[in-house]
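A look at the structure
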Amino acid sequence: MESIKSHLQYLSIKPGDANGFVQLFFDNLGTVLQLIVFLELVLTGFFSDQLFTEINGNYSATVAPVLDTINDVIFSRAMPGLGITMVFGNIYYTYMGLRLAKKEDRNDVTALPYGVNTPAAFAFVFSIISPVIFAEGCDAKFPSPLTSQNEAEEYFECWNGAVEKAWAVGVSANMIVGIVSVFLGIGGDLIVKFTPTATLLTSLAGIGIAFLGLAQLTLTFANPIVGIFPLYLMVMGYFAGMRFTGPVPMSLVIILVGVILGAADDVVTSDTLKASKEFVESYGLTFATESFSSWGDTGPYIGTIVPLALAAAAGTLMNVISAKRAGDDFPLKEAMISDGVGTMVGALFGTPFGTSVYIGHPAYKKFGAGVGYSLINCVVFFFCSIFGFFAIASALVPQGATAPLLLYVGFSICKEALEEMPSRQFPTFLIGILPALADYAATLSTDIDLVGLLALAKSSILLALVTSTIWWYIIERELKAAAAWTFGAALLAAFGVIHQPEATADKFNEQQADGSVLQSEQWRFMTGYLMVAFFLVILGVAQAKGWIEGPQEKYVPEYLKDASPEDVEVEPVK
């Protein structure tokens, strides 16, 4: 008890905590509102024409309840589960802040900001949940329009089952990410050292360009009255650093401007707000044990799951280092493990979305925030998620208002990746973002018949990580490392983990069907990578004998040039 009291004496609510809370909450809110919209999008098969024809057709009473299932998944499972993991994470990081304050007898410690892992969340929506819906292929199994009550019942059962399966696979995959993150935390920086930080960030930069960039700009320009002004407010406030909002956080200003413009342009109406009130109720918490029967269905998505866990670990690592440079020295491994545990807690309670340390600790410290803002954030977020208030927020805030906030996150990831590399590595960045762009293009139509595009889109995050890392080491002329990664790519290709619809060793000599497309056999991809790997081995021997150029001079990012040796040593070995 005395120990608790000794920690609590450092707990106080400062004026800067209010500013820090508003910034953190509305950053998270922008992500959550877009996740609600995109979950509705993918769980209805991108607003399937056939599905909505039947919902409004002769068998509406039979088919329409699938929308109730979708709303139940979003507001009764995913959001409350996200709320409980926010409670866990924010309270734990508050405790870490109080512990550091007591240890150093300081009252100016700023807790690590914590929230939704935005890139991973959108990767889950489009690279895991959406493919599960399309794999069930309900529309292709039934005629349109339906011709009997029996067909309508079977059609509903198919769609309802697809939605439940997509949710269960998403939750199971989220649990795996949490488990992998914990093990990465236990191994600490030793595991992350084998992969350049730049290529870890590049694998997420593709998500930043495609799903947080291009997809958000389409929302901005779909309604220019609502979208364009908030977009340029974001550029002025975040990228240009113009502080014209005074003490009010830029994220709140952008959202408020979007709400006002949406109301003026009839995008936000009283009818949509009244409809959203139906979702305001006490949902409680769902213990999602039934979802873990879908462990076996996560296999095809391992190429998304593992890189996201690696990237999350690297992101936590860099954010903790950033906090240390700002004056708050938090234990690295503890932060990495707690992020993984927080994600696992969320999965246990039914959310397919992980959480992690947020970027920007130094900014929160400049706000004057202490540890109190983290507690305020978890209380408000939990309240909104449990009682369905995010439904009202979703109806009140136009997509054009939240799109700039996600665009900022996406472009910030790209900026960080580029800052981690010399200009000679820019081709590495470009090749690394292409798989996610192909993945995004593949979601725009279910009738794409370009074999190469689909080969690039499958396991896009893992493919981006592997490909960009190979390019990185080749350009750095570190040929042994390049050969090792290329042999790894050959192994992944042999088992169908990359380039294929399904990861399996049983179809090594067969063409897997990807919709109406027959993909090239796994052995062909493996052979292509092996040819590169063996040639790199030959070049490595030539390099060792001095026949060709040696490795490039090691690149040190600007922000590390004045860092302490302790900071530098946890950086990946180049």
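Residues numbered from 1 in each chain as written. Predicted model: local features only at pLDDT ≥ 70, side-chain atom pairs only at ≥ 80, totals over all residues. Heavy atoms only, no water.

1. Topic: the overall build of the chain
Across its full length, the chain holds 25 helices and four strands. Taken against the 2.2 N^0.38 rule, which gives 25 Å for 574 residues, the C-alpha radius of gyration of the chain at 24 Å falls within 12% of a compact globule. Reported as C-alpha extents along the three principal axes, the dimensions of the chain are approximately 75 × 65 × 50 Å. Per-residue burial for the chain yields a buried fraction of 56% across its 574 residues. Excluding contacts between residues fewer than 6 apart, the proportion of contacts in the chain whose partners are at least 24 apart in sequence is 83%. Just so you have it, the chain exposes about 23,000 Å², and 64% of that area is on carbon and sulfur atoms. If the 29 positive side-chain charges of the chain are averaged to one point and the 51 negative ones to another, these points end up 12 Å apart. (Helix = DSSP H or I, 4+ residues; strand = E, 2+ residues; numbered from the N terminus. Rg over C-alpha atoms; globule rule 2.2 N^0.38 Å. Buried < 20%, exposed > 50% of the residue type's maximum accessible area, 1.4 Å probe, protein only. Contact = heavy atoms within 4.5 Å. Areas by Shrake-Rupley, 256 points an atom, 1.4 Å probe, with all protein chains shown as cover. Lys, Arg positive; Asp, Glu negative; His and termini not counted. Charge placed at Lys NZ, Arg CZ, Asp CG, Glu CD.)

2. Some points on the pattern of salt bridges
What the rule picks out here adds up to 12 salt bridges. A salt bridge links Arg77 to Asp72; the nearest nitrogen and oxygen atoms lie 2.7 Å apart. Taking relative accessible area as the criterion, Arg77 reaches 8% and is therefore assigned buried. Of the charged contacts in the structure, one is a salt bridge between Arg77 and Glu164, with a shortest N-O distance of 2.8 Å. (Salt bridge = Lys/Arg side-chain N within 4 Å of Asp/Glu carboxyl O.)

3. Section: helix H6 (residues 118–136)
Over its 19 residues, H6 runs 27 Å from end to end, which matches the ideal 27 Å to within 8%, given 1.5 Å per residue. Taken as a whole, H6 carries its principal kink of about 30 degrees at Phe124. Buried residues dominate H6, accounting for 15 of its 19 residues. (Expected span 1.5 Å × (residues − 1). Bend = angle between axes of the 7 residues up to and from the residue.)

4. Focus: the environment of Asn107
Here Asn107 lies in the loop between helix H5 (65–104) and strand E1 (114–116). Judged by its relative accessible area of 57%, Asn107 falls in the exposed class. Along the sequence, Asn107 and Gly97 sit 10 residues apart, while their C-alpha atoms lie 9.9 Å from each other. Sequence-distant contacts of Asn107, defined by excluding residues within four places in its chain, comprise Tyr10 and Lys14.

5. Here we look at the environment of Gly370
Mapped onto the fold, Gly370 is located in the loop between helix H16 (361–367) and helix H17 (372–386). The sequence separation of Gly370 and Lys458 amounts to 88 residues, and the corresponding C-alpha distance is 43 Å.

6. Overview of the nonpolar core
With 146 residues, the main nonpolar core has Leu43 and Met79 as its most contacted residues. In terms of residues, this core owes the most to one element, helix H8 (residues 149–187), which gives 17 residues. With 14 residues, the next largest nonpolar core counts Ala494, Val497, Ile498 and Phe525 among its residues. (Core = buried A, V, L, I, M, F, W, Y, C linked by side-chain atoms within 4.5 Å.)

7. Brief notes about the packing of aromatic side chains
Inspection of the entire model under this criterion finds 25 aromatic pairs. Residues Phe38 and Phe122 carry aromatic rings whose centres are separated by 5.8 Å and whose planes lie at 75 degrees to one another, so their mutual orientation is edge-to-face. A residue pair is termed long-range when its members are at least 10 positions apart, and Phe38 in helix H2 (residues 15–43) and Phe122 in helix H6 qualify at 84 residues. What makes Phe122 buried here is its relative accessible area of 0%. Centroid distance Tyr238 to Tyr408: 4.3 Å. Interplanar angle 20 degrees. Geometry classified as stacked. Residue Tyr238 is found in helix H11 (residues 224–239), and its partner Tyr408 is found in helix H19 (residues 399–419); the two are separated by 170 residues along the sequence. What links up through ring pairs into an aromatic cluster is the set Phe38, Phe46, Phe122, Phe126, Phe134, Phe211 and Tyr440. Positioned over the ring face of Trp167 is Arg77, at 4.5 Å from the centre of the ring. (Phe/Tyr/Trp six-rings, centres within 6.5 Å; stacked < 30°, edge-to-face > 60°. Lys NZ or Arg CZ within 6 Å of the ring centre and 35° of its normal.)

8. Here's the deal with the state of the cysteines
Following the criterion strictly, the structure yields one disulfide and no others. Disulfide pairing is shown between Cys138 and Cys158; the S-S distance is 2.1 Å. Because the torsion about its S-S bond is -90 degrees, the bridge between Cys138 and Cys158 counts as left-handed. Of this pair, Cys138 sits in helix H7 (residues 138–141) while Cys158 sits in helix H8, and the two are 20 residues apart along the sequence. Residue Cys138 shares its accessibility class with Cys158, and that shared class is buried. (Disulfide = S-S within 2.5 Å.)

9. Topic: the side chain of Asp439
Here Asp439 is to be found in helix H20 (residues 426–443). Look at Asp439: it is buried, it has no salt bridge, and the nearest opposite charge is Lys458 at 6.6 Å. Among the polar contacts made by the side chain of Asp439, one reaches the side chain of Ser460 at a distance of 3.2 Å. With residues up to four places along the chain from it excluded, the contact list for Asp439 reads Ser127, Phe211, Ala457 and Ser460. (Polar contact = N/O pair within 3.5 Å; in protein donor to acceptor, adjacent residues only side chain to side chain.)

10. Things to note about the environment of Pro230
Inspection of the secondary structure puts Pro230 in helix H11. Given a relative accessible area of 0%, Pro230 falls into the buried group. The spacing of Pro230 and Leu261 is 31 residues in sequence and 9.5 Å in space, taken between C-alpha atoms.

11. Focus on the packing of helix H10 (residues 197–222) against helix H14 (residues 302–325)
Closest axis-to-axis distance for the H10/H14 pair is 9 Å, and the angle between their directions is 120 degrees. If you check the angle between H10 and H14, you find them oblique. Between H10 and H14 the crossing geometry is left-handed. Counted together, Thr197, Leu200, Leu201 and Leu204 of H10 and Leu308, Leu310, Ala311, Ala314 and Met318 of H14 form the full contact between these two elements. Here the residues of the contact of H10 with H14 sort into eight nonpolar, one polar and no charged. (Axes fitted to C-alpha atoms, helices over the stretch in contact; angles between N-to-C directions. Parallel < 35°, antiparallel > 145°, perpendicular 65-115°, else oblique. Left-handed = near helix turned anticlockwise from the far one by under 90°. Nonpolar A, V, L, I, M, F, W, Y, C, P; charged D, E, K, R; others polar.)

12. Describing the packing of helix H22 (residues 460–475) against helix H23 (residues 479–494)
Across the interface, H22 lies against H23 with an axial gap of 8 Å and an inter-helix angle of 155 degrees. Here H22 is positioned roughly antiparallel relative to H23, judged by the angle of their axes. In this structure, H22 meets H23 at a crossing whose hand is left-handed. Where H22 approaches H23, its residues Leu462, Val466, Thr469, Ile470, Tyr473 and Ile474 are matched on the opposing element by Ala481, Ala482, Trp485, Thr486, Ala489 and Leu492. Each residue belonging to the contact of H22 with H23 can be placed in one class, and the counts come to 10 nonpolar, two polar and no charged.

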